[in-house]
Amino acid sequence: MAFASKLVTFVGANFPTIAVIALIVLLVIIFVKLLGGTKSGPNPFAHNSIRTPEPLVTELAKRDKVLKQGFKANSVPDGLDAIVIGSGIGGLSVASILSRVGKKVLVLEQHDQAGGCCHTYIDKGFEFDVGIHLIGEMAGNTLTKLYMDQLTDGQLTWVPLDDNFDNVAIGKAGEHKHYPLMAGSRQIFRDALVKQFPDEEKAIDQYMKLIKDAAKTLNNAVVIKLLPVSVVKFLISTGLINLVTKWFNYSSRTLQEVVDGLTDNAHLKAVLCYSFGDYGTMPDETSFCMHALLINHYVHGAYYPRGGASEIAFHIIPTIERSGGRVLVRAPVKEILLDSEGKACGVRVKKTSGDVDIHAPLIISNAGIANTFGNLLPKQITSKFGEWQSKYKGARHGVGSMNLFVGLRGTKEELNLPANQLWAYTGPDYNKAVREYMAKSREDCFNEDIPLLFISFPSAKDPTYNERFPGKSACTVVTLGNWDWFAEWEDERVMKRGDDYESFKDIMAKKAWEQVCGYFPQVKDRVEYFEAATPVTNKFYIGAMKGEMYGLDHNKERFQAKLWSRMRPETNIPNLYLTGQDIMTCGMTGAMFGGLICACKLLNRNVMGDLANLRKKMKKSK
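Residues numbered from 1 in each chain as written. Predicted model: local features only at pLDDT ≥ 70, side-chain atom pairs only at ≥ 80, totals over all residues. Heavy atoms only, no water.

1. Concerning the overall build of the protein chain
Along its length, the protein chain carries 28 helices and 20 strands. By the compact-globule yardstick of 25 Å for 622 residues, the protein chain fits well, its C-alpha radius of gyration being 24 Å. Oriented by its inertia axes, the alpha-carbon framework of the protein chain measures out at about 70 × 65 × 55 Å. Each of the 622 residues in the protein chain was classed as buried or not, and the buried ones make up 57%. Pairs at least 24 residues apart make up 76% of the contacts formed inside the protein chain by residues separated by at least 6 positions. Within the structure as shown, the protein chain displays about 25800 Å² of accessible surface, and the carbon and sulfur contribution to it stands at 52%. (Helix = DSSP H or I, 4+ residues; strand = E, 2+ residues; numbered from the N terminus. Rg over C-alpha atoms; globule rule 2.2 N^0.38 Å. Buried < 20%, exposed > 50% of the residue type's maximum accessible area, 1.4 Å probe, protein only. Contact = heavy atoms within 4.5 Å. Areas by Shrake-Rupley, 256 points an atom, 1.4 Å probe, with all protein chains shown as cover.)

Structure, rendered in structure tokens:
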């Protein structure tokens, strides 16, 4: 009550009486809707499910029984409570939460392995991650760590990366300037920057303050996604939304605008913006809030799952099965079924032997907003409500990616491979260099160095890799890829795209590897496996419509009040909900919390508060 009294006093001094009344009404709604109304569902985090981790399962047959359960009509459980489309972390997390309150959930995955971007693949004696490279907040008493522990029963363990978790190289390999990024605390992160830019201490301190302050506004920004749409519209139209959260004060500025206001040092600005590739949007187009969340995520340390990224799905799936649910692969959803009243009531799975219809009272899509509204709903419905771009005005497809997977002869010790990442840029003006590169024709794009490369050695980050794959190492390289360069092959099947496709892909892959060897010359003559993936590969395996790495683009508009509030779990189709990164932000953590937000709506309960209360209870018991 003291907080409410202070808030009313503040508002009364600055706004007319009607604004005070409106804010009081808002406070009542927040308490009723989010702190447990009389009709709220059960608490999924009433009990701690963490138990002592069991030994790592390495036998592929045992792992396949969990991760590769093939779809058959007779393998679908009876009496389903919900169907989730897509087994990425957004789908698995909400399914796991629902299973904790006894719900029987079916998760359907179109790929032949569960996990979405959390899966790994093994070929010719090498294992590669496809999307998980490093995760923050996986130690100590963080809410993110506790959440993951509850989803996996505490069976997933995390290995810290080097304190020097990221590196930035600016300039041509061999002539470049090298800037290490240090984790461990905000002070350590800050001091490492000051050491490299001693004349820019004031700018760095201001940057650190802005990063911290912007990230702190997220909690109340999430509330906006849970309040009734009518209330949010009122808050936006009256400007009262800025009293609920300062998020939109920060999100209205681009990352580039912020750093330009701090310093004129081109290399410092480049280092402060270095990890924009983690969400795929240029510094002069993305919101400062997105970057603040990312840096805040890593300053205390970066981690990698022990046993590889596939351990994530491997340990979540049993929690879904516990309540009678299943996670089935090779089950491409062709259409979301609607009943005579226009309510979602099931899905149609495409099979060569004949389509299979499955029904449930709740349908949850982890396929992304564009896929859900552009491909999965009946055309008469989408035409009635308009294209998804009109409903989510300001949203657009994210950037495509090129991935290179290289198997190396030798252990991490023999090859002196680091347990960290390198971000390699040809120059400090990222916006200009990347935009010019992406605007090139297919024929011209490999005539000069690729302006951005993310280089990682997953085998060096996982201490079990050499036990599982003796004498071998793996390198993963990621860069941006223009969808238009590859669009003509989007409908062709894997290994059936023809010589022109293979030739173009090979030229680009070799160009990227040549640059990699400039930074790590010790790997040049150790290659035993070499395979590249393109934006059309992403479309085939993870259903990304334009080969997107991170779903919808993380442009500034996405973080403005109107679009931010519209990207929420519920849709205008009754019984159809959204989960995953498109309703929060990209990355494993963003998609996980997308699942948590979705669960709040499905259970009509402040599930985030339940998780926070569990943390308090566990801390007190210790």
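There is more to say, and it comes next.
2. Overview of the nonpolar core
In this structure, Ile312, Tyr430, Ile455 and Met588 are the most contacted members of the largest nonpolar core, which totals 164 residues. A total of 11 residues in this core trace back to one element, the largest contributor, which is helix α27 (residues 587-603). Other than its neighbours up to four places away in sequence, Tyr430 contacts Val168, Ile170, Ala270, Val271, Cys273, Tyr274, Phe276, Met282, Pro283, Tyr425 and Arg435. If you look at the next biggest cluster of nonpolar residues, it comprises 34 residues, including Leu328, Ile369, Ala370 and Tyr392. (Core = buried A, V, L, I, M, F, W, Y, C linked by side-chain atoms within 4.5 Å.)

3. Description of a positive patch on the surface
There is a patch of like positive charges on the surface, built from Lys233, Lys393, Lys562 and Arg566. With respect to the helices and strands, Lys562 occurs in helix α26 (residues 561-566). With relative accessibility at 54%, the residue Lys562 sits in the exposed group. (Patch = residues over 30% accessible without salt bridge, like charges linked within 9 Å, V, L, I, M, F, W, Y side chains within 5 Å. Salt bridge = Lys/Arg side-chain N within 4 Å of Asp/Glu carboxyl O. Lys, Arg positive; Asp, Glu negative; His and termini not counted. Charge placed at Lys NZ, Arg CZ, Asp CG, Glu CD.)

4. A short note on the pairing of strand β9 (residues 302-305)
Residues of β9 alternate between two faces, with Ala302 and Tyr304 on one and Tyr303 and Pro305 on the opposite face, all of them buried. With two bridges connecting them, strand β5 (residues 135-136) and β9 associate as antiparallel partners. Following the sheet pairing, Ile135 is matched in β9 by Tyr303. One ladder, built from three bridges, connects strand β6 (residues 158-160) with β9; its direction is antiparallel. Across the sheet, the residue bridging to Pro160 is Tyr303, located in β9. (Pairing = 2+ DSSP bridges.)

5. Considering the packing of helix α4 (residues 89-99) against helix α15 (residues 311-321)
The geometry of α4 relative to α15 is characterised by a closest axis approach of 8 Å and an angle of 30 degrees between their N-to-C directions. Relative to α15, the element α4 lies roughly parallel. The two elements α4 and α15 meet at a crossing, and its hand is left-handed. Contact residues: Ile89, Leu92, Ala95, Ser96 and Ser99 in α4; Ile312, Ala313, Ile316, Ile317, Thr319 and Ile320 in α15. (Axes fitted to C-alpha atoms, helices over the stretch in contact; angles between N-to-C directions. Parallel < 35°, antiparallel > 145°, perpendicular 65-115°, else oblique. Left-handed = near helix turned anticlockwise from the far one by under 90°.)

6. What to know about the sheet that holds strand β13 (residues 356-359)
Reading across from one edge, β11-β12-β13 is the order of the three strands in this open sheet, with antiparallel pairing throughout. Two strands bound the open sheet, and with one partner strand each, they are β11 (333-338) and β13. Neighbour-to-neighbour, the strand axes of this sheet turn through a mean angle of 25 degrees, independent of strand direction. As judged from the four bridges shared by strand β12 (residues 344-349) and β13, these two strands associate in the antiparallel manner. By the bridge assignment for β13, Arg348 is matched with Asp357.

Function cannot be inferred from these measures alone, as they are strictly geometric.
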